[in-house]
Amino acid sequence: MNKIVDYMLAGKFIIAQYEGYPSMINEAKCGVFTNRDGLANSFNDALQMTSEERSKKGNLGQSWILKNHN
């Protein structure tokens, strides 16, 4: 979970497998939280996006983290 902040700062689209409360990624709309059962579907969904769409979502995370955790 510590790396999520690093990935958000780098402007990366994030797929996180996590069983806890999905807050920052959902709030920023910069990726998805999934459990192990949904992991393959999350990767497939991400691969269906263009690289531009993933970049736009990643940039949302960067903007959100700088605004809310600077």
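None of these values were measured; they are calculated from a predicted model. (Residues numbered from 1 in each chain as written. Predicted model: local features only at pLDDT ≥ 70, side-chain atom pairs only at ≥ 80, totals over all residues. Heavy atoms only, no water.)

A. Geometry of the confidence of the model for the protein. The pLDDT averaged across the protein works out to 91; a share of 99% of its residues lies at or above 70. The least confident element of the protein is strand β2 (residues 31–34), whose mean pLDDT is 90; the most confident is helix α4 (residues 51–68), at 96. (pLDDT = per-residue confidence, 0-100. Helix = DSSP H or I, 4+ residues; strand = E, 2+ residues; numbered from the N terminus.)

B. Molecular detail of the packing of helix α1 (residues 2–9) against α4. The N-to-C vectors of α1 and α4 enclose an angle of 110 degrees; their axes lie 7 Å apart at closest approach. If you check the angle between α1 and α4, you find them roughly perpendicular. Within the contact between the two elements, α1 uses Val5, Met8 and Leu9 and α4 uses Gly58, Gly61, Gln62, Trp64, Ile65 and Leu66. Among the residues making up the contact of α1 with α4, the classes are represented as 6 nonpolar, 3 polar and no charged. (Axes fitted to C-alpha atoms, helices over the stretch in contact; angles between N-to-C directions. Parallel < 35°, antiparallel > 145°, perpendicular 65-115°, else oblique. Contact = heavy atoms within 4.5 Å. Nonpolar A, V, L, I, M, F, W, Y, C, P; charged D, E, K, R; others polar.)

C. Seen up close, the pairing of strand β1 (residues 14–17). Only one face of β1 is buried: it carries Ile14 and Ala16, and the other face, with Ile15 and Gln17, is open. As paired elements, β1 and β2 share 4 bridges and run parallel to each other. Bridge assignment links Gln17 to a residue of β2, and that residue is Thr34. (Buried < 20%, exposed > 50% of the residue type's maximum accessible area, 1.4 Å probe, protein only. Pairing = 2+ DSSP bridges.)

D. The arrangement of a nonpolar patch on the surface in detail. Residues Val5, Leu9 and Leu66 make up a contiguous nonpolar surface patch of roughly 220 Å² in combined accessible area. With respect to the helices, strands and loops of the structure, Val5 is situated in helix α1. (Patch = residues over 30% accessible without salt bridge, like charges linked within 9 Å, V, L, I, M, F, W, Y side chains within 5 Å. Areas by Shrake-Rupley, 256 points an atom, 1.4 Å probe, with all protein chains shown as cover. Salt bridge = Lys/Arg side-chain N within 4 Å of Asp/Glu carboxyl O.)

E. Expanded view of unusual backbone geometry. For Lys29, which is not glycine, the phi torsion reads 60 degrees and is therefore positive. Take Lys29: it is sitting in the loop between α2 (24–28) and β2. Residue class for Lys29 comes out exposed when judged on its relative accessible area of 55%.

F. Expanded view of the nonpolar core. Counting 11 residues, the largest nonpolar core consists of Ile4, Met8, Ile14, Ala16, Met24, Ile25, Ala28, Cys30, Phe33, Trp64 and Ile65. Going through the elements one at a time, α1, β1, α2 and α4 are the ones with two or more residues in this core. Tallying contributions element by element places α2 first for this core, with 3 residues. Not counting residues within four places of it along the chain, the set of residues in contact with Ile25 comprises Ile4, Ile14, Ala16, Cys30, Gly31, Val32 and Phe33. (Core = buried A, V, L, I, M, F, W, Y, C linked by side-chain atoms within 4.5 Å.)

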